[in-house]
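Take a look at the letters that make up each chain.
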Amino acid sequence: MTEKTIDRPSAGRRTVCAALASLPAVSLAQLRVEITGVGSQQFPIAIAPFARSGQVPADIDAIIRADLARSGLFRVVEAGSQPIAENAPVALADWKARGADALTIGGASRLADGRFDIRFRLLDTVKQAQLDGLSYTSPASDLRLTAHRIADRIYEKLTGERGVFATRIAYIVQTSRTSWELHIADADGANPQAALRSREPIISPAWSPDGSRLAYVSFESGKPVVYVHAVMTGERRAVANFRGSNSAPAWSPDGRTLAVTLTREGNSQVFLMNADGGNARRLTTSGGIDTEPCFSPDGQSIYFTSDRGGGPQVYRMPATGGSAQRVTFNGDYNISPRLSPDGKLLAYVARRSGRFQVQVLELASGQETPVTDTSRDESPSFAPNGRMLLYATEVNGRGILASASIDGRVRTRLSGPNGDIREPTWGPFIK
Amino acid sequence: MTVQRLIRAAMAGAVLSFALAGCSSVDLEEQKAAPIVDAGGSSTAGAAATGPDPRAVAPVDAQSARGLDPFTDPNNPLSKKSVYFDFDSFVVKSEYQSVVEAHGKYLASTKNRRIAVEGHTDERGGREYNLALGQKRAEAVKQRLMLLGASDAQIEAVSFGKEKPSAVGSTEEAWAQNRRADIVYK
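Each chain carries its own residue numbering, running from 1 in the written order of its sequence. Chain A is the first chain written and ligand 1 is the first ligand written, with later ones labelled in order. Given that this is a predicted model, residues contribute local features only at a pLDDT of at least 70 and side-chain atom pairs are listed and counted only at 80 or more, while totals for whole chains, interfaces and linings are drawn from all residues. Excluding hydrogens and water, the side-chain values take into account all heavy atoms of the structure.

S.K.: Lay out the nonpolar core in plain terms, naming residues and giving numbers.
M.R.: All names here are of chain A. By nonpolar core is meant a set of buried Ala, Val, Leu, Ile, Met, Phe, Trp, Tyr and Cys residues that side-chain atoms within 4.5 Å join together. Buried residues are those whose accessible area, probed at 1.4 Å on protein chains only, stays under 20% of the maximum for their type, while exposed residues exceed 50% and partly exposed ones sit between those limits. Counting 29 residues, the largest nonpolar core has Ile45, Ile60 and Ile64 as its most contacted members. Secondary structure elements follow DSSP: runs of H or I of four or more residues count as helices, runs of E of two or more count as strands, with numbering from the N terminus. Listed by contribution, the elements that provide at least two residues to this core are β2 (43–47), α2 (60–70), β5 (102–110), β6 (116–124), β7 (129–138) and α4 (143–159). Tallying contributions element by element places α4 first for this core, with seven residues. Pairs of residues are marked as contacts when any of their non-hydrogen atoms sit within 4.5 Å. Sequence-distant contacts of Ile45, that is, excluding residues within four places in its chain, are made with Leu68, Phe74, Arg75, Val76, Val77, Ala100, Ala102, Thr104, Leu122, Ile154 and Leu158.

S.K.: Please set out the pattern of salt bridges residue by residue, giving values where relevant.
M.R.: Salt bridges are defined as contacts in which a side-chain nitrogen from Lys or Arg sits within 4 Å of a carboxyl oxygen from Asp or Glu. Under the criterion given, the structure shown has 39 salt bridges over all chains. One salt bridge connects Arg236 of chain A with Glu220 of chain A, and the closest N-O pair in it is separated by 2.7 Å. Linking Arg236 of chain A in strand β14 (residues 236–240) with Glu220 of chain A in the loop between β12 (213–218) and β13 (225–230), this pair joins segments that are 16 residues apart in sequence. When the shortest N-O distance is used, the salt bridge between Lys162 of chain B and Glu378 of chain A registers 2.5 Å. In this pair, Lys162 of chain B sits in the loop between β3 (155–161) and α6 (172–178) while Glu378 of chain A sits in strand β27 (residues 378–382), so the two residues belong to two different chains. One exposure class covers both Lys162 of chain B and Glu378 of chain A, and it is buried. Linked by salt bridges that have partners in common, Glu378, Asp420, Arg422 and Glu423 of chain A together with Arg127, Lys162 and Glu163 of chain B make up one network.

S.K.: A description of α4 of chain A should follow, citing residues and the corresponding values.
M.R.: Quick reminder: α-helices carry 3.6 residues per turn. Residues three or four places apart thus point the same way. Residue and element names in this part refer to chain A. What a helix is expected to span follows from its residue count: subtract one and scale by 1.5 Å. Compared with an ideal rise of 1.5 Å per residue, which puts 17 residues at 24 Å, α4 spans 24 Å between its outermost C-alpha atoms and is within 8% of the ideal. For α4, the set of buried residues is Leu143, Thr146, Ala147, His148, Ile150, Ala151, Asp152, Ile154, Tyr155, Leu158 and Thr159. Just past α4, the residue Gly160 takes up positive phi, approximately 80°.

S.K.: Now, about the sheet that holds strand β29 (residues 398–405) of chain A: what can you tell me, with residues and values included?
M.R.: Note on sheets: strands pair through backbone hydrogen bonds, and any given pair is parallel or antiparallel. All names here are of chain A. For two strands to pair, DSSP has to find at least two bridges joining them. Across the sheet, which stays open at both edges, the four strands sit in the order β27-β28-β29-β30 with antiparallel pairing between neighbours. Since the sheet does not close on itself, it has two edges, and those belong to β27 and β30 (411–413), each with one partner. Sheet twist, expressed as the mean angle between neighbouring strand axes with direction ignored, is 25°. Two strands pair when backbone bridges link them, and β27 and strand β28 (residues 388–395) are joined in this way by three bridges, in the antiparallel orientation. Note on β28: the bridge partner recorded for Phe382 is Leu389. Orientation is described by axes fitted as lines to C-alpha atoms, over the contacting stretch for helices, and by angles from 0 to 180 degrees between their N-to-C directions.

Right under this line is the structure:
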């Protein structure tokens, strides 16, 4: 896929694009969404249906709309059914009157070589200015990705932060009593591809920081063993296959170290090891369960689940070893900690009155916010920009994937394959 | 009861059932035929009266001969290989003492045998935490086996957490079936 910036409408389109061409450039800051956490205003944006020429096998504007709405930061204003081409004249004041502070228009056309030309403009209806304009050349197989990239551009122009719509997720789907698959899919759940199939369970996938590898726990040998799997080649190796159970892999931010839970010395304890499996050394020393390690983004701390105080709670300790401090205090069951990319928020699953729900804790203030209204949540993970959470939950007895804005205000069920879906984990930005 | 005595008892049962089967088929044949005179105590009835019948044939099924293996004989505690736990508990209940004792003593006397103790949990709660809980159950059974003379090297405690339920469903019954440690001979 290639992309080109569209600065101005081309000369040949001057007559129809006069209004656009004359728009002044404005400071982006004026249109940025103010992100202030709970209660923040959603930014109203309209995405007009894209003009199409030839058969275009992806509904690009619908994908962009769904991406932006899912983030929780945008309110998608109804744009009608009339396509508006990227070079068409637009009465921006009308769109402003309809409640949209920004408008995206664009088109997709099939090229002679079978690829597609996709172009869009992002227009400020208040300042009557073009904020962005880009054209892409994309094979049919990348059309969804192109739509996600456009959504990322729009998101970044309007919020000042990187969008996550073109990133990928991994999860496990169980399709029968004897069939498990590790899937990699787009961030909206579309385009699932199986990276591993097994007749035994697979759990706890974890992306390497560069997105090239997944660590996970596979029971294919009759017990839990930690593998590292190169996604592009399918090459994989057991990196933690000690006596007893091996589980809960987590990558250090530099990708060189794995934290894992081993039982080779008795109870479940957190160990650090080189990412190739060498030099395993014990990190935690409790008489109970220590598991689910998670590095802080600066690599200095490890958060983990421990029942050393009775029920399971989240603790933090230096990655170099030392004493652990308890982090969660509400309720008697808080597990599966995950740090936000800025290290300020902790997501975890809390059991309250028999319901398992994702909570987000602001570490500095101790303010805890429930993110979901479901009762069988598992495996929260932050989007790489920290603005959304991906988690698994259950609907009608079946595991599904869902995403939520971190304030819990916008929750979306993601599409997925048939089967019982669980253990989602959000991949990193890919450079 | 020793294994040998068990085998002997089972053999005797097998001979008896064979003999009964033979009698009934003879009866059906003879309903229309003239009675055959007992010519020299070769009938089973005669054998019972005079001691072991030299012409008796003990039927052996290659598969069920192994079935006399104490691990599959339902009358032998070694055939029971699961220990069930209460909710949120790792205590081996007294009702499973005979099971643990049988395997512990067997392992103590058969040092070349190796087992895995596989811990399981019910479906409630996180997968990794349940994996650790299942490990605690497996470890609890392992410790009991070692108290009975089994050695550490014979027993690998592993966990499947909630990944391999033996009963499906979200009922108390299913959960109780799934909170278990299974003894698996290698």
